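Single-letter residue listing:
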Amino acid sequence: ERMRRCTVYAQTSAYEGHPKTVLEAMATGAPVVVADAPGLADAVRHHETGLVAAPNAAAISGAIASLLHDRAARERLGRAAALHVRRHLSLDAILPLELAAHRAAITRAGANAPAPAGAVRWTPDLLAADTAPAVDAWANSLGAYVQRLDPPRAARFVMSLDPRIDQIQNLAAMRLGDGVHPKHHLMRYHDFFVERISRGQRIIDLGCGYGAVARSIAARSHAHVTGIDWSESNIAQARTAAARDNLTPLTRFVHGDITSHRVRNNGDAQGGFDAVVLSNVLEHVTDRPARLRLWLDWYRPTRFLIRVPAIDRNWKVAWMQELGVDHRGDPTHETEYTIDQMRAELAAAGLTMTETIARWGEYWLTAVPVAPAA
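Residues numbered from 1 in each chain as written. Predicted model: local features only at pLDDT ≥ 70, side-chain atom pairs only at ≥ 80, totals over all residues. Heavy atoms only, no water.

Peer 1: Quick rundown of the overall build of the chain? Include the residues and the values.
Peer 2: In terms of helices and strands, the chain carries 15 helices and ten strands. In terms of overall dimensions, the chain has a C-alpha envelope of 75 × 60 × 45 Å along the principal axes. Counting every position in the chain, which comprises 374 residues, the buried fraction comes to 38%. Accessible surface, the chain as shown: approximately 21200 Å² in total, 55% of it carbon and sulfur. In the chain, the 42 positive side-chain charges and the 39 negative ones have mean positions that sit 5 Å from each other. (Helix = DSSP H or I, 4+ residues; strand = E, 2+ residues; numbered from the N terminus. Buried < 20%, exposed > 50% of the residue type's maximum accessible area, 1.4 Å probe, protein only. Areas by Shrake-Rupley, 256 points an atom, 1.4 Å probe, with all protein chains shown as cover. Lys, Arg positive; Asp, Glu negative; His and termini not counted. Charge placed at Lys NZ, Arg CZ, Asp CG, Glu CD.)

Peer 1: Tell me about the pattern of salt bridges, residues and numbers included.
Peer 2: Within this structure, the stated rule accounts for 16 salt bridges. Among the ionic pairs, Arg-215 bridges to Asp-245, the shortest N-O distance being 3.6 Å. In this pair, Arg-215 is assigned in helix H11 (residues 212-221) and Asp-245 in the loop between helix H12 (232-244) and strand S6 (251-255), connecting sequence segments 30 residues apart. Note that Arg-244 is salt-bridged to Asp-245, the shortest N-O span being 3.0 Å. Residue classification places Arg-244 among the exposed residues on the basis of a relative accessible area of 59%. (Salt bridge = Lys/Arg side-chain N within 4 Å of Asp/Glu carboxyl O.)

Peer 1: Lay out the packing of helix H8 (residues 151-176) against helix H14 (residues 315-323) in plain terms, naming residues and giving numbers.
Peer 2: As a packed pair, H8 and H14 sit with axes 10 Å apart at the nearest point and diverge in direction by 130 degrees. Relative to H14, the element H8 is oriented oblique. Every pair of crossing elements has a handedness; the one defined by H8 and H14 is left-handed. Here Ala-155, Arg-156, Met-159, Asp-162 and Pro-163 of H8 lie close against H14, whose contacting residues are Lys-316, Trp-319, Met-320 and Leu-323. Counted by class, the contact of H8 with H14 contains six nonpolar, no polar and three charged residues. (Axes fitted to C-alpha atoms, helices over the stretch in contact; angles between N-to-C directions. Parallel < 35°, antiparallel > 145°, perpendicular 65-115°, else oblique. Left-handed = near helix turned anticlockwise from the far one by under 90°. Contact = heavy atoms within 4.5 Å. Nonpolar A, V, L, I, M, F, W, Y, C, P; charged D, E, K, R; others polar.)

Peer 1: Could you give me a rundown of the packing of aromatic side chains, with the residues and numbers involved?
Peer 2: Applying the stated rule across the entire model yields six aromatic pairs. For the pair Tyr-145 and Phe-157, a centre-to-centre distance of 5.0 Å together with 65 degrees between the ring planes defines the contact as edge-to-face. A residue pair is termed long-range when its members are at least 10 positions apart, and Tyr-145 in helix H7 (residues 131-147) and Phe-157 in helix H8 qualify at twelve residues. Its relative accessible area of 39% is what places Tyr-145 among the partly exposed residues. (Phe/Tyr/Trp six-rings, centres within 6.5 Å; stacked < 30°, edge-to-face > 60°.)

Peer 1: Quick rundown of the nonpolar core? Include the residues and the values.
Peer 2: In terms of nonpolar packing, the biggest core is built from 30 residues, with Leu-278, Trp-295 and Phe-304 touching the most fellow members. Sorting the residues of this core by element identifies strand S4 (202-206), strand S7 (275-279), helix H13 (288-299), strand S8 (303-309), helix H15 (339-348), strand S9 (351-359) and strand S10 (362-369) as the ones contributing at least two each. Counting residues per element, this core draws most heavily on H13, which supplies five residues. For Leu-278, the contacting residues outside a window of four places in its chain are Leu-206, Leu-292, Trp-295, Phe-304, Leu-305, Ile-306 and Arg-307. Leu-23, Ala-53, Ile-60 and Ala-73 belong to the second-largest nonpolar core, a separate cluster that totals 25 residues. (Core = buried A, V, L, I, M, F, W, Y, C linked by side-chain atoms within 4.5 Å.)

Peer 1: A description of unusual backbone geometry should follow, citing residues and the corresponding values.
Peer 2: For Asn-246, which is not glycine, the phi dihedral falls at a positive 60 degrees. By the element assignment, Asn-246 lies in the loop between H12 and S6. Classification of Asn-246 by relative accessible area gives exposed; the value is 65%. In this structure, Trp-360 is a non-glycine residue whose phi angle is positive, near 50 degrees. For Trp-360, the position within the fold is in the loop between S9 and S10.

Have a look at this one:
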């Protein structure tokens, strides 16, 4: 009841393993302010379900003050926080996970599975250490462990660790960017899509994620963009961002599976689109030529604009394959491409490449339907 009456609920611990009190406050609809610290920053989405402030007095007091003087923001964040907790952290959501964990433990014990290796331990004072000595501590520890392995195990270990480190780097990058990866502005890959789409065209962005590319196309090309994604939270985030940027008239975001859910273009009697955007999506899909043929039939576009990861991006990928370890940049990738593989899959789908750009370990390309033989 006290949480429910809060004008602002603030929690500024240096570390929280599982900040239940913050989640309880969010569940009551209280607007929350937390420090950008382990645990707390994982529980609150900045400017969506609360405010995440740098761990210093000025930033925290500024965040609290901003909410004290903005009732609309307090109400918006409180409603979003309560909805998030109700959808994802209620008993109805958590109980199946809890039961599954117990069942897995019982099955494992019944099979007399060996106990896993002990977790690597580190001291909490590393959290307060400067970057350089903290890096030295981790690197020295890791190096000492690798030195104790025979050469084949050492090679497989360090190369298997490589994509996991890459995932950690990506998550840290997105945390710093309020959920937006810096590759969006560093690679400027949005330009590839924006510059190939004209005002007023109808575009469908398959696997749109949280709508970053779709919103860029709408804002800069002034095209009408429909995005579809399997994640409800991605779609909710995309709609919120589009409304914030005054792009709602040009955007539509649909929750659905791109392989089975056909989206109609309401501006076309046949439901088609001028172009299909596949930005880091195709590599997650199985039976890709068949999917491309399906989308070509459903949407009848004049072109596909595609972005995929390159398997020949650096020497480490080839060596990881040689060692027999997982070389993928993302464990959900079904494939990563050579340009010849991309060309073959497009040809099998009735498409041909008209443009190819290789940059920073990715291929960006335009593909068009093959004209029927005369």
